[in-house]
Amino acid sequence: GKEIPGQASLVFDVVLLDLHNPKDGITIENQHVPESCERRSQTGDFLRYHYNGTLLDGTLFDSSYSRNRTYDTYVGKGYVIAGMDEGLLGVCTGEKRRIIIPPHLGYGEEGRGKIPGSAVLVFDIHVVDFHNPSDSVSITVNYKPSNCTILSKKGDYLKYHYNASLLDGTLLDSTHSLGKTYNIVLGSGQVVVGMDMGLQDMCVGERRTVVIPPHLGYGEDGVEGEVPGSAVLVFDIELLELVSGLPEGYMFVWNGEVSPNLFEEIDQNHDGEVLLEEFSEYIQAQVDSGKGKLAPGFDFEKIVKNMFTNQDRDGNGKVTAEEFKLKDQEAKEEHDEL
């Protein structure tokens, strides 16, 4: 034609960008596998990982590092391209691997964004952590004292030290750096559900490692600036003090026999009505003398006000002898009604 003369010899200078065969599968090159790998990812797991995505010639088209956050997804469920879905199976936490994906398992003939059509993709990934929605809390006891007869239970007041980190070892928080213990009433919702579970059946002096999946921790949202979303948490815990709580449903119990003239004792001015101030003074006196015990770890005024409100059945701010009942009397009445 006009550009190429007849019988002309042609010279092409070629740069090979990539090549593949429609029969190709993905190629996996392990770059780093941790020595300790208790579990490998499987279908249905939720992974958090970093990646650099390049073409075969090294051209960078995407990176999670540039966004300063991991890419988070379920694997084996079709949420990512087929090649990545397959390449993320069988990995360990902390593993680094290269996944080479042919276009028919990537973005196909059309490509996407900065990715040309029919391009072979290279992903260098670093697995930060993963979990399964069916996972529960994992507890590893590192040290248990020889005398371990009193175990923590719901309602107990606990004082403990902890180091909190991510699965990759990133430190999030530590009571040691603050120079004081963390104090809670077990099972009262003062900590995440996973920590409530991890502190159960523990004795003073015991040390354990508690691994908490995100659905029992801070969930998909995490804590802004502190805990990444969907992060698996690791707590190294040492229990320092345990104050036994009260039976479930009780905020105050008697250590001895209850006076048969209890209402009259509380009603200091003998006008047939007990006000909050009288009630509070009486309860404080019983606690100070050792005759009664309040649930540990709660604010005294809040407990007493709650107890008073329960007795003030008509809500007029006064308790009469007819309204006043002990908890076991209330339980018996309910039982009789049933």
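Predicted, not measured: the structure shown is a model, and the values here were computed from it.

Definitions and limits used
- Residues numbered from 1 in each chain as written.
- Predicted model: local features only at pLDDT ≥ 70, side-chain atom pairs only at ≥ 80, totals over all residues.
- Heavy atoms only, no water.
- Domains from an automatic or database assignment.
- Contact = heavy atoms within 4.5 Å.
- Buried area = accessible area lost by both parts, 1.4 Å probe.
- Salt bridge = Lys/Arg side-chain N within 4 Å of Asp/Glu carboxyl O.
- Pairing = 2+ DSSP bridges.
- Helix = DSSP H or I, 4+ residues; strand = E, 2+ residues; numbered from the N terminus.
- Phe/Tyr/Trp six-rings, centres within 6.5 Å; stacked < 30°, edge-to-face > 60°.
- Buried < 20%, exposed > 50% of the residue type's maximum accessible area, 1.4 Å probe, protein only.
- Disulfide = S-S within 2.5 Å.
- Patch = residues over 30% accessible without salt bridge, like charges linked within 9 Å, V, L, I, M, F, W, Y side chains within 5 Å.
- Areas by Shrake-Rupley, 256 points an atom, 1.4 Å probe, with all protein chains shown as cover.

Focus: the domain arrangement of the protein chain
Assigned domains within the protein chain: domain 1 (27-131), domain 2 (138-243) and domain 3 (252-332). For domain 1 versus domain 2, the distance between C-alpha centres works out to 33 Å. Taken together, the contacts link 8 residues of domain 1 with 11 residues of domain 2. In total, about 640 Å² of surface goes out of reach between domain 1 and domain 2, with carbon and sulfur atoms giving 62% of it. Broken down residue by residue, the surface that domain 1 buries against domain 2 is led by Arg48, Asp129 and His131, which jointly contribute 63%. Taken together, the connections running from domain 1 to domain 2 amount to 0 salt bridges.

Remarks on the pairing of strand β3 (residues 60-63)
Strand residues, when the strand is regular, have side chains that alternate between the two faces of the sheet. Note: strand β2 (residues 46-55) against β3, 3 bridges, orientation antiparallel. Residue pairing in the sheet places Gly53 in a bridge with Asp62 of β3. Counting the residues in the hairpin turn of β2 and β3 gives 4 residues, including Gly58, whose phi is positive at 95 degrees.

Looking at the packing of aromatic side chains
This model, assessed by the stated rule, comprises 15 aromatic pairs. Look at Phe61 and Phe123: their rings are 5.8 Å apart centre to centre, the planes differ by 85 degrees, and that puts the pair in the edge-to-face class. A residue pair is termed long-range when its members are at least 10 positions apart, and Phe61 in strand β3 and Phe123 in strand β6 (residues 121-131) qualify at 62 residues. What makes Phe61 buried here is its relative accessible area of 11%. Phe123 gets classed as buried once you look at its relative accessible area, which sits at 6%.

Describing the state of the cysteines
In protein structure, a disulfide is the covalent linkage between the sulfur atoms of two cysteines. Inspection of every chain in the model, using the stated rule, returns 2 disulfides. Put simply, Cys37 and Cys92 are joined by a disulfide, and their sulfur atoms are 1.9 Å apart. With the S-S dihedral at roughly -95 degrees, the linkage between Cys37 and Cys92 falls on the left-handed side. Highlighted residues: Cys37 in the loop between β1 (27-32) and β2 and Cys92 in the loop between α1 (82-87) and β5 (96-101), separated in sequence by 55 residues. Overall, Cys37 belongs to the partly exposed group, its relative accessible area being 27%. Across the disulfide, Cys148 is cross-linked to Cys203 (sulfur-sulfur distance 2.1 Å). Looking down the S-S bond of the Cys148 and Cys203 bridge, the torsion is -110 degrees, so its handedness is left-handed. Of this pair, Cys148 sits in the loop between β7 (138-143) and β8 (157-166) while Cys203 sits in the loop between α3 (193-198) and β11 (207-212), placing them 55 residues apart in sequence. The buried category is assigned to Cys203, whose relative accessible area is 2%. Sequence-ordered numbering of the bonded cysteines in the protein chain yields a pairing of 1-2, 3-4.

Some thoughts on the environment of Val204
With respect to the helices and strands, the residue Val204 is situated in the loop between α3 and β11. The exposure class assigned to Val204 is partly exposed, which follows from its relative accessible area of 39%. Linking Val204 and Glu238, residues 34 residues apart in sequence, is a C-alpha distance of 8.0 Å. Excluding anything up to four places from it in sequence, Val204 contacts Pro145, Leu239, Leu240, Glu241 and Leu242.

Some points on a nonpolar patch on the surface
There is a patch of nonpolar side chains on the surface, built from Ile4, Leu10, Phe12 and Val14 and spanning about 470 Å² of accessible area. Locating Val14 in the fold gives a position in the segment before β1. The class of Val14 is exposed, set by a relative accessible area of 71%.

Thoughts on the pattern of salt bridges
Two side chains of opposite charge can pair, provided their charged atoms sit close to one another. Considering all chains together, one arrives at 12 salt bridges under this definition. Residue Glu206 pairs with Arg208 through a salt bridge whose shortest N-O separation is 2.8 Å. Linked by salt bridges that have partners in common, Arg39, Asp45 and Asp135 make up one network.

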